[in-house]
Each structure stands twice: as C-alpha cells, then as structure tokens.
Amino acid sequence: MRRAFLSLRFLPCIKVVEKVGHVRGSMIRDSRKFDPSAVDVLNKPRRHREIDPSELLRWAGIREKLVVLDVGCGAGFFTRDAAGMIGPEGRTVGLGTSRGMLQRFAAEGRPSRVLIAQCEEDAYPLQTGSVDVAILGFVLHEAQDPQSVLREVRRILRTEGKVLIVEWAKRNEQRGPQAASRLSPEDVRPLLRRAGFMLDQLRQLGESYYALTAVNVPVYCCPPARAVHF
Ligand SMILES: C[S@@+](CC[C@H](N)C(=O)[O-])C[C@H]1O[C@@H](n2cnc3c(N)ncnc32)[C@H](O)[C@@H]1O
C-alpha cells in the first residue's frame, strides 16, 4: 500500500489534513472513544495540576532538537508542552483520528512548528524510523486494537526511540472510562513486548493515572518472547 508521508523538514506550516473518506469525528459511535464535544475537560486547570505535562515529558526524555509525535493529540494537552521543549531545531507532530478534536486544537491557537494531521487508527503518515519520542496520552485504552497501534508506533520510531504511555489506573471512578475499559500496566506490558518494546520506566501519577516509557529495541536485542518474564 502506498502512503503519503508528511515532510518533517518543512514544518513552519500548521494544517489539518483530512483524508478523503475517513470517518469524521462527529460521526464516531465507538463507546471507547472520547466524545469530541467534551473536549473542554481535557484542558481544565485541575488536569494540569494532576498531570504536569512538562515534567512528564522531561521524564520521558523529551529535549531540544528531537522529533516528537503526539498520537491522539486531542486539543494539544501534551503537544503544546512538547513543542515548547524541542526548540527551533526540533519538530512536533500531532495526529488524531477525530477531525473535530484536531480542528479544536487548531482553533485554540497552537504553537508554531507544530504540524497537525488526521490519521487512521493504526496507520500514521510518517516515515519509518523518523521519530525520537512518541506520546500516547490516554489513547491506548480507546484503540480498537492496541497491539496494532503499538506496532505502528514502533514502525515510525527510530531504533532506541521511546514511547511515553499515560493511562488511567484500572479502578472505578466517577470520571473517566469504566474500570473494565482501562488498561493497567500489566495489560500493557505484554502488548509492548509483542510489539518489540522493552519497558523502561513506570510511575504512578496520583491515584488515577500512571505513566510508563518503553524503548524500541533493535531486533537483535529482543530475547525470544517466551523467555521474557515481567
Ligand atoms: C482522551 S483523548 C486524549 C487527548 C490528549 N492526548 C490528552 O491527553 O488530552 C484521546 C484522543 O485520541 C484519539 N484517538 C483514539 N484512538 C486513536 C488512534 N488509534 N490513533 C490516533 N488517535 C486516536 C481520539 O480521537 C482522541 O482525540
């Protein structure tokens, strides 16, 4: 299958790329998906108090000159901070399946040097090995097939590039997805391993969230799957 790739070299432009025939945000009926009409919740001050995006991104190794991809960027909660950390020589791309969310991000004044584009569930318009750090912030539990999302994330990451996953802790709460739809670190670890990642760091973020980073290990570093015990 031929893919149209975004150029990471010419990025002062900011645009929302719509794929012809793609499901539009307002038509999504998948109950796992975040409702685009509730987008205001994502940029509430309370959320910034609970999750300090800059601190988390630094913890994940984001720094100047890197190419950072925010998969499921929503209204830019992580993308904005990432763009502020990578400097003029870095690049930030925000992708999402929901056109409505991307339009909201674009309308709210997004940072320069950020490219926003619509993507498919597990097909991103980026070249293989072109990204240093990929962010999956509250996205994996929404995916129809989390395994294929992680495989696609690994494809676009350079060898030894990192993925930062931020997710809801698997517990019942009045907010957020139901516990049954959440993915615990124990749920995510085998998915990462099968996709070719090695777990790097894991931390709790209060009672409600956790974050982990995993490294795209070269193939020759991967022990046989049966020999890996988490
Ligand atoms: C709960 S929102 C989180 C947005 C943002 N990361 C944040 O933390 O504020 C999840 C976003 O991921 C998008 N999404 C879900 N599955 C996706 C996938 N497989 N690939 C790309 N985006 C996805 C949804 O459309 C939605 O905009």
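Definitions and limits used
Position numbers for residues count from 1 along each chain, tracking the sequence in the order it is written. Local features in this predicted model are restricted to residues of pLDDT 70 or higher, and side-chain atom pairs are both shown and tallied only at a pLDDT of 80 or more, whereas totals for entire chains, interfaces and linings draw on every residue. Numbered from the N terminus, helices here are DSSP runs of H or I no shorter than four residues, and strands are runs of E no shorter than two. Whether a residue is buried, exposed or partly exposed follows from its count of other C-beta atoms within 10 Å of its own C-beta, namely 20 or more, 12 or fewer, or something in between, respectively; the C-beta atoms are built from the backbone. Any pair of residues counts as being in contact when their C-beta atoms, constructed from backbone geometry, are within 7 Å of one another. Strands qualify as paired when DSSP identifies two bridges or more between them. Axes, fitted as lines to C-alpha atoms, cover a helix only where it is in contact. Angles between the N-to-C directions of the axes lie from 0 to 180 degrees. To decide nearness, the C-beta atom of each residue is placed from the backbone, and the residue is near a molecule or strand if that atom lies within 6 Å of it. The term nonpolar core means buried Ala, Val, Leu, Ile, Met, Phe, Trp, Tyr and Cys residues held together as one set by C-beta atoms within 7 Å. Each angle gets one of four labels, with under 35 degrees taken as roughly parallel, over 145 as roughly antiparallel, 65 to 115 as roughly perpendicular, and the rest as oblique. Left-handed describes a crossing whose near helix is turned anticlockwise from the far helix by less than a right angle; the clockwise case is right-handed. Only Asp, Glu, Lys and Arg are considered charged in this grouping, and only Ala, Val, Leu, Ile, Met, Phe, Trp, Tyr, Cys and Pro are considered nonpolar; every other residue, Gly among them, is considered polar.

Asks: What am I meant to see in the overall build of the protein chain here?
Replies: Along the backbone of the protein chain there are six helices and seven strands. Its helices and strands in sequence order give the protein chain the pattern α-α-β-α-β-α-β-β-α-β-α-β-β, from N to C terminus. Burial status across the protein chain gives 40% buried among its 230 residues. Once local pairs closer than 6 in sequence are excluded, the contacts in the protein chain between residues at least 24 apart make up 70%.

Asks: Would you explain the sheet that holds strand β3 (residues 114-118) in this entry?
Replies: Backbone hydrogen bonds hold the strands of a sheet together, and the pairing may be parallel or antiparallel. Ordered in space as β3-β2-β1-β4-β5-β7-β6, the seven strands form an open sheet in which the pairing is mixed. At either margin of the open sheet sits one strand with a lone partner, and together these are β3 and β6 (197-205). Taking the axes of each pair of neighbouring strands and ignoring which way they run, one obtains an average angle of 15 degrees across the sheet. Sheet analysis places strand β4 (residues 131-137) next to strand β5 (residues 157-168), joined by six bridges and oriented parallel. By the bridge assignment, Ala134 is partnered in β5 with Val163. Helix-sheet contacts for helix α4 (residues 99-107) involve β2 (91-96) and β3, and the interaxial angle to β3 is about 160 degrees.

Asks: Even after reading the chapter, I still don't get the site of the ligand, so can you show me in this structure?
Replies: Taken together, 22 residues form the shell around the ligand, and within it Gly72, Gly74, Phe77, Ser98 and Gly137 come nearest. Elements that contribute at least two residues to the shell around the ligand include exactly α3 (77-85) and β2.

Asks: Just checking my understanding: could you explain the nonpolar core for this structure?
Replies: Considering soluble globular proteins, one finds that nonpolar side chains tend to be buried as a cluster. Counting 58 residues, the largest nonpolar core has Leu69, Ala134, Ile135 and Leu136 as the members making the most contacts within it. Ranked by residue count, the leading element in this core is β5, at six residues. Here Leu69 is in contact with Val93, Leu95, Leu126, Val131, Ala134, Ile135 and Ile156, once residues within four sequence places are set aside.

Asks: Honestly, the environment of Arg151 in this entry has me stumped. Any pointers?
Replies: Inspection of the secondary structure assignment puts Arg151 in helix α5 (residues 146-156). Take Arg151: there are 16 C-beta atoms within 10 Å of it, and that puts it in the partly exposed class.

Asks: I tried to follow unusual backbone geometry on my own but got confused; where do I start?
Replies: Most of the time, phi is negative for any residue but glycine, and the peptide bond is trans. Backbone geometry places Lys65, a non-glycine residue, at a positive phi of 75 degrees. Locating Lys65 in the fold gives a position in the loop between α2 (53-59) and β1 (67-71). Phi at Glu160 takes a positive value of approximately 70 degrees, unusual for a residue other than glycine. With respect to the secondary-structure elements, Glu160 resides in strand β5. Judged by the 12 C-beta atoms lying within 10 Å of it, Glu160 is exposed.

Asks: Which parts of the structure should I look at to understand the packing of α5 against helix α6 (residues 185-195)?
Replies: A packed helix pair is summarised by two numbers, namely the angle formed by the two axes and the spacing between the axes. One can describe the packing of α5 onto α6 by two numbers: an axis separation of 9 Å at closest approach and a directional angle of 45 degrees. Considering their axes alone, α5 and α6 lie oblique with respect to each other. Considering how the two elements wind past one another, α5 and α6 form a crossing that is right-handed. Mapping the contact onto sequence places Pro146, Gln147, Leu150, Arg151 and Arg154 in α5 and Leu191, Leu192, Arg194 and Ala195 in α6. Here the residues of the contact of α5 with α6 sort into five nonpolar, one polar and three charged.

Asks: Even after reading the chapter, I still don't get α3, so can you show me in this structure?
Replies: Two residues of an α-helix separated by three or four positions point the same way, owing to the 3.6 residues in each turn. Among the nine residues that make up α3, seven are buried, leaving the element largely enclosed by the rest of the structure. By the burial criterion, the buried members of α3 are Phe77, Phe78, Thr79, Arg80, Asp81, Ala82 and Ala83. Against α2, β1, β2, β3 and β4 lie the buried residues of α3. Among the residues trailing α3, Gly87 stands out with phi positive, at a value near 70 degrees.

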